[in-house]
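# Structure at a glance
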Amino acid sequence: MKISLTSEMAQKAPSKSKLLVIKAICVSILLFFISASGFSQSFPTAAVSSNGILQLPTTEALATTYTFDLSYLTFSSEEAMTDFLRVRCTEDIVFRAFTSENKGIVSLQRKKHPNWTVADWNAALESALANQPLLNN
């Protein structure tokens, strides 16, 4: 059996380029959810000192994103944890909560400071957290 499209049906059918875009979007969404499920395993870990200052590991190459443990802190809700980290963000350092694992995520705006070393970023973290350390009040 041969099926042919009328000219009206052919005009309503999506073009090959539209189908490729739709497929690319679907694949991107799928990859996002797959990567989000293993989120904390894919980034190196930073440590929080006893005085609440986050420090990047000095024995590893500099990364853009790190996770860090927040299980030592107590939060009344996921929103409280998110707010706790959000107020500590700077122009160069962005904190986010990974509430399901009781972890924080720090992203460094490395494009703004391409020549900074781990030591430079650790100094920036110390400065950013000096007045608001990662400690319960």
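So, here is what we can say about the structure in this document. (Residues numbered from 1 in each chain as written. Predicted model: local features only at pLDDT ≥ 70, side-chain atom pairs only at ≥ 80, totals over all residues. Heavy atoms only, no water.)

## A closer look at the overall build of the protein chain
Rules: Working definition: helices are DSSP H or I runs of at least four residues, strands are E runs of at least two. Numbering for both runs from the N terminus. The cut-offs for exposure are 20% and 50% of the maximum accessible area for each residue type, with area from a 1.4 Å probe on protein chains only; residues under the lower value are buried, those over the upper are exposed, and the others partly exposed. In this analysis, two residues are considered to be in contact whenever any of their non-hydrogen atoms come within 4.5 Å of each other. A 1.4 Å probe and the Shrake-Rupley method give the accessible areas. Residues count as covered only by the protein chains that appear here.
Along the backbone of the protein chain there are 4 helices and 5 strands. When the helices and strands of the protein chain are read in sequence order from the N terminus, they spell out α-α-β-β-β-α-β-β-α. Burial statistics for the protein chain: of 137 residues in total, 26% are counted as buried. Restricting the contact set of the protein chain to residue pairs at least 6 apart, pairs at least 24 apart contribute 56%. When the accessible surface of the protein chain is totalled, it reaches about 9400 Å², and 58% of it is carbon and sulfur.

## What to know about the environment of Ser100
Secondary-structure assignment places Ser100 in the loop between strand S4 (93-98) and strand S5 (103-108). Each C-alpha atom, one on Ser100 and one on Glu78, is 8.6 Å from the other, the two residues being 22 residues apart in sequence.

## Digging into helix H3 (residues 78-86)
For the record, the criterion: Throughout, the arc means that of the directions going from the helix axis to the C-beta atoms.
All of the buried residues in H3 are Met81, Phe84 and Leu85. In a view along the axis of H3, the buried residues occupy a sector of 90°, so they form one face of it.

## Topic: the pattern of salt bridges
Side-chain pairing between opposite charges can occur once the charged atoms of the two side chains come close. Let me state the cut-off plainly: The term salt bridge refers to a pairing of a side-chain nitrogen on Lys or Arg with a carboxyl oxygen on Asp or Glu at a separation within 4 Å.
Under the defined criterion, the tally for this structure stands at 3 salt bridges. Between Arg86 and Asp83 there is a salt bridge, with its nearest N and O atoms 2.2 Å apart. Note that Arg86 and Asp83 are positioned in helix H3 at a spacing of 3 residues, about one turn of the helix. Under the relative-accessibility criterion, Asp83 is labelled partly exposed at 26%.

## Thoughts on the pairing of S4
Under the convention used in this document: Only strands joined by at least two bridges in the DSSP assignment are considered to pair.
Here S4 runs beside S5; their pairing, made up of 6 bridges, is antiparallel. Paired with Phe98 across the strands is Lys103, a residue of S5.

## Notes on the nonpolar core
Filter applied, for reference: Residue types Ala, Val, Leu, Ile, Met, Phe, Trp, Tyr and Cys, when buried and joined through side-chain atoms within 4.5 Å, form a set referred to as a nonpolar core.
Ranked by internal contacts, the top residues of the largest apolar core, which has 23 residues, are Leu54, Leu56, Phe68, Phe95 and Val106. Of all the secondary-structure elements, those providing two or more residues to this core are strand S3 (65-69), H3, S4, S5 and helix H4 (118-129). For this core, the element with the highest residue contribution is H4, accounting for 5 residues. The contacts of Val106, once residues within four sequence positions are left out, are Leu54, Thr64, Thr65, Tyr66, Phe68, Ile93, Val94, Phe95 and Leu125.

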